[in-house]
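Results of the structural survey
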Amino acid sequence: MAHGRIIGGLGSPHAPSIGVAYNTGKGETPAWKPLIDGYKPMQAWIEAKKPDLMIIVANDHANSFFFDRYPTFALSVAAEHEIADEGWASGRCRRCRAIPSSPGSSRIRWWGRSSTSRCARSCRSTTGA
Amino acid sequence: MPDEKRPARPAWETEVEILPIRSPQIDFAHPLPGTYLTTGARAQRGYRLSKFCMAFMSPETRAAFKADPERVMTEHGLSDYEKTLIREQNFNAMVRYGVNAFMIFKLANAFGVNQNQTGAKMRRESYEEFLKTRNVKDAL
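Thresholds applied
Residues numbered from 1 in each chain as written. Chains lettered and ligands numbered in written order. Predicted model: local features only at pLDDT ≥ 70, side-chain atom pairs only at ≥ 80, totals over all residues. Heavy atoms only, no water. Helix = DSSP H or I, 4+ residues; strand = E, 2+ residues; numbered from the N terminus. Contact = heavy atoms within 4.5 Å. Patch = residues over 30% accessible without salt bridge, like charges linked within 9 Å, V, L, I, M, F, W, Y side chains within 5 Å. Areas by Shrake-Rupley, 256 points an atom, 1.4 Å probe, with all protein chains shown as cover. Salt bridge = Lys/Arg side-chain N within 4 Å of Asp/Glu carboxyl O. Buried < 20%, exposed > 50% of the residue type's maximum accessible area, 1.4 Å probe, protein only. Axes fitted to C-alpha atoms, helices over the stretch in contact; angles between N-to-C directions. Parallel < 35°, antiparallel > 145°, perpendicular 65-115°, else oblique. Left-handed = near helix turned anticlockwise from the far one by under 90°. Nonpolar A, V, L, I, M, F, W, Y, C, P; charged D, E, K, R; others polar. Core = buried A, V, L, I, M, F, W, Y, C linked by side-chain atoms within 4.5 Å.

**Some points on the side chain of B:Asn92**
As for its position among the elements, B:Asn92 is in helix α7 (residues 91-97). Once you skip the residues sitting within four places of it in the chain, B:Asn92 turns out to touch B:Met122 and B:Arg124.

**Some thoughts on a nonpolar patch on the surface**
Residues and elements named next belong to chain A. On the surface, a nonpolar cluster with roughly 400 Å² of combined accessible area is contributed by Phe73, Leu75, Val77 and Ile108. Take phenylalanine 73: it is sitting in the loop between α3 (40-49) and β1 (80-81). Of the residues examined, phenylalanine 73 reaches a relative accessible area of 63% and is grouped as exposed.

**A closer look at the packing of helix α3 (residues 47-54) of chain B against helix α6 (residues 80-87) of chain B**
Residues and elements named next belong to chain B. Across the interface, α3 lies against α6 with an axial gap of 11 Å and an inter-helix angle of 50 degrees. Between α3 and α6, the interaxial angle falls into the category oblique. Taken as a pair, α3 and α6 cross one another with a handedness that is right-handed. Of α6, the residues touching α3 (which contributes Arg48, Leu49 and Phe52) are Glu82, Leu85 and Ile86. When grouped by side-chain class, the residues that make up the contact of α3 with α6 number four nonpolar, no polar and two charged.

**Overview of the nonpolar core**
The biggest cluster of nonpolar side chains holds 25 residues, and the ones touching the most others in it are B:Leu49, B:Phe52, B:Phe65, B:Ile86, B:Met94 and B:Leu107. Among the elements that take part in this core, helix α8 (residues 101-110) of chain B stands out by supplying five residues, more than any other. Listed in part, the six residues of the second largest apolar core include A:Ala21, A:Trp32, A:Ile36 and A:Tyr39.

Below, the structure written as structure tokens:
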């Protein structure tokens, strides 16, 4: 299997209010237009390059996790990654928001030595896929 | 710089829990007005209230709180003091108590208070006063 080629990276501030403003149609108001317009060259770049895969690295504003268990690093494996619902964009379901859920892959997995290792105890079953 | 006009702080704000911290950069005798040390002890004290705020991630809890806040607070086993902080929407006291800022935003939203209004409350200003300090008035 050929390794992928990294063609670029994009960065964005992550204030939750940005998504809310965009979802509630404030992208063209004087307050938000300068910031929202900043995304347009990035959108054009993605459109032109058509990457096969995007890896999204994001922090968690106490949305998915709570302080009883807060991992330093976590890998989200799912067919679809929903946006956290804190009620800011109330009245709009995740299907009709301007920013939809992110498509993902439920087949992603860690490629490593341990993926076919034997159980260390006595059952001798194969662990992993 | 000590602010002599400021009323005396409640005991739990200045209690000795911060003593294990030794830093020449912090003058514990004269904390900066409006800033509060976050410590493990405070975070643990605020844990129950933080967890209560986390429940607002669910639309059902948001609707139940809107209909009957007292019932939801009692169901989550909040103490009288914690209930008072919520009833008064005293976000500054919540920070001092040990509630995480992200949790306070979830709670504020349940009251229909947006982020700018929360900021205004924490600055002890009316929303109109606060908006005068912004370059663009309708940023949120």
